[in-house]
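Geometric and topological summary
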Protein chains: 2
Amino acid sequence: MLSPSPNTDFVVSRTKPAAADIARTIVEELEAGEFVPGQRMVEADLCLRFGVGRQIIREALQRLNAYGVVAIEPNRGAHIIHVTRDEAVMTLELTELLFGLVSRSAARRVSAGCDSTRLSDAISELVASSETDDPAHYMRARRHLFAALSLIADNPELNRIMEQVRVHVMRAQFGFAAFRSGHAQELAEIGQTVLAGKSEEAEDLSRAYVRRIREFLQQI
Amino acid sequence: MLSPSPNTDFVVSRTKPAAADIARTIVEELEAGEFVPGQRMVEADLCLRFGVGRQIIREALQRLNAYGVVAIEPNRGAHIIHVTRDEAVMTLELTELLFGLVSRSAARRVSAGCDSTRLSDAISELVASSETDDPAHYMRARRHLFAALSLIADNPELNRIMEQVRVHVMRAQFGFAAFRSGHAQELAEIGQTVLAGKSEEAEDLSRAYVRRIREFLQQI
DNA sequence: TGTCAACAGATTGTCGACAATCTTGCGCCT
DNA sequence: AGGCGCAAGATTGTCGACAATCTGTTGACA
């Protein structure tokens, strides 16, 4: 009754959204606080919204479920998971360890002569963003720093998990208004420490960075 | 041409396997080394094997992909991920942090008066298994210990991730023959330390436990 | 009026069919 | 003989349809 031909007319060479893309889109919206915790994710609604069949939506929800941002109850459907402040604090406790490990591993790899141009670029971008004072610019630079560190650390399992945890951290920072831009300088310093190959120091700095966010969140 | 009626005849009150169960089954087989790294997971084959439609299999593969044990390439299908020894070592480096955090958190909760009967039971079971010297018994007890610790730690995100990493650790231990039963005593000690609420000590013991496995793996 | 059962609507679970894409082997041209 | 299309087979991607399950509401009965 709504779409007799979903994607035929003017969509000759469309790149195919596919489940992965939709999941990514939803994750981005989640990070931006688009969805209310507890909100039901009805498959049919999402079908209309993204113009695809239910199977696609289903796979996207499955992925979201694996990321832990959506809960799926049999025959009851999916809904956005509600995260309490205590849980967010616990997640940051975990993040502290993970980010520390990423930085330590990356620093070691740099010492071993790994390519680090991406990291240098990210650091430059961070420094630049601290001068323009544009939140979007800062967030992009921050993402690039994390990506560069993960790339250098080259630990598949760790990267996979960081990717998952990142979503939760973003949600927590948004949900509890614990987002303080202006950490650019601190992050740039972490990057430079990694670049210098000081693994112990890089780990300490990284953990301190996350710990401070956590303590700030705990005080609210 | 193969199954005109997949599950109608004598299957009046079957409990419905569903994707989650199939994914769990495959994970168990993976942990037992049933699949060869790189092996292709053709959907149609799995359909025949489990007697369900492709959608179910697809969702199961999706979940396996989220667990990081299966890679899915668009239009190319899914295959079992190959894990090198270095990657297994890196995963154990990560596990060291995670297990340490679980034990520390659990110990704190016990101090705060959390119910710990399940933990006591698991410890008893471990001690019993060390006397019978039955590998299956030991593994079951070990799993129960981890489950009890996770339950007490009560950190949703951490538990979710531990669950994912556990599969990799099991695969690594199986794949590299690094499986040494007889750690029952050591694990029981960790459990008792948690039970006593000594969080720092519990974390140290847990990390030492994983570290030793990692070092053993590195020496091969 | 309160409780419970049955019904209608909404939503999820699963399947079969067809389209799109990749792979492979064969034949043709140089 | 060697390389290059091209067709046939294999496999994945997506959709629509129907079955199963849940939920809320209405109405009958005590």
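Placed above this text is the structure.
Keep in mind it's a predicted model, so treat the numbers as computed, not measured.

Things to note about the interface of chain A and chain B
Listed per partner, the contact involves 32 residues of chain A and 32 residues of chain B. Here chain A and chain B share an interface that buries about 2,800 Å² over both sides, 53% of which is from carbon and sulfur atoms. Interface area lost by chain A to chain B is led by A:Q62, A:L97 and A:E157, which between them contribute 19%. Taken together, the connections running from chain A to chain B amount to 6 salt bridges. A:E59 serves as the salt-bridge partner of B:R58, at 2.8 Å between the closest nitrogen and oxygen.

Concerning the packing of aromatic side chains
All names here are of chain A. Per the counting criterion, the structure on display carries 4 aromatic pairs over all chains. When the ring of F99 is compared with that of F146, the centres are 5.2 Å apart and the planes differ by 85°; the resulting orientation is edge-to-face. Taken together, the residues F99 in helix 4 (residues 85-111) and F146 in helix 6 (residues 135-153) connect sequence positions 47 residues apart. A connected cluster of aromatic rings, assembled from ring pairs, spans F99, F146 and Y209.

Quick word on the relation of the copies chain A and chain B
For the pair chain A and chain B, the relating rotation is 180°, the translation along its axis is 0.0 Å, and the fit reaches an RMSD of 0.0 Å. Seen this way, the second copy is the image of the first under a two-fold rotation axis. Considering only C-alpha atoms, the part of chain A nearest the rotation axis is A:A66, at 3.0 Å.

Brief notes about the packing of helix 5 (residues 117-132) of chain A against helix 8 (residues 184-195) of chain A
All names here are of chain A. In contact at an axis separation of 9 Å, helix 5 and helix 8 are set at 160° when each is read in the N-to-C sense. In this view, helix 5 runs roughly antiparallel relative to helix 8, as classed from their interaxial angle. Relative to helix 8, the crossing made by helix 5 is left-handed. Taking contact as the criterion, the partners of L119, S120, I123, L126, V127, S129 and S130 in helix 5 are, on helix 8, A184, L187, A188, G191, Q192, V194 and L195. Grouping the constituent residues of the contact of helix 5 with helix 8 by class yields 9 nonpolar, 5 polar and no charged.

With respect to helix 4 of chain A
Structurally, the α-helix is built with 3.6 residues per turn, so residues lying three or four positions apart point the same way. Residue and element names in this part refer to chain A. Here helix 4 is 27 residues long and its end C-alpha atoms lie 39 Å apart, about the 39 Å a rise of 1.5 Å per residue gives. Burial runs high along helix 4: 21 of the 27 residues are buried. In the segment just after helix 4, G113 is the residue with positive phi, at about 90°.

So, how was this worked out
- Residues numbered from 1 in each chain as written.
- Chains lettered and ligands numbered in written order.
- Predicted model: local features only at pLDDT ≥ 70, side-chain atom pairs only at ≥ 80, totals over all residues.
- Heavy atoms only, no water.
- Contact = heavy atoms within 4.5 Å.
- Buried area = accessible area lost by both parts, 1.4 Å probe.
- Salt bridge = Lys/Arg side-chain N within 4 Å of Asp/Glu carboxyl O.
- Phe/Tyr/Trp six-rings, centres within 6.5 Å; stacked < 30°, edge-to-face > 60°.
- Helix = DSSP H or I, 4+ residues; strand = E, 2+ residues; numbered from the N terminus.
- Least-squares fit on C-alpha atoms with pLDDT ≥ 70 in both.
- Axes fitted to C-alpha atoms, helices over the stretch in contact; angles between N-to-C directions.
- Parallel < 35°, antiparallel > 145°, perpendicular 65-115°, else oblique.
- Left-handed = near helix turned anticlockwise from the far one by under 90°.
- Nonpolar A, V, L, I, M, F, W, Y, C, P; charged D, E, K, R; others polar.
- Expected span 1.5 Å × (residues − 1).
- Buried < 20%, exposed > 50% of the residue type's maximum accessible area, 1.4 Å probe, protein only.

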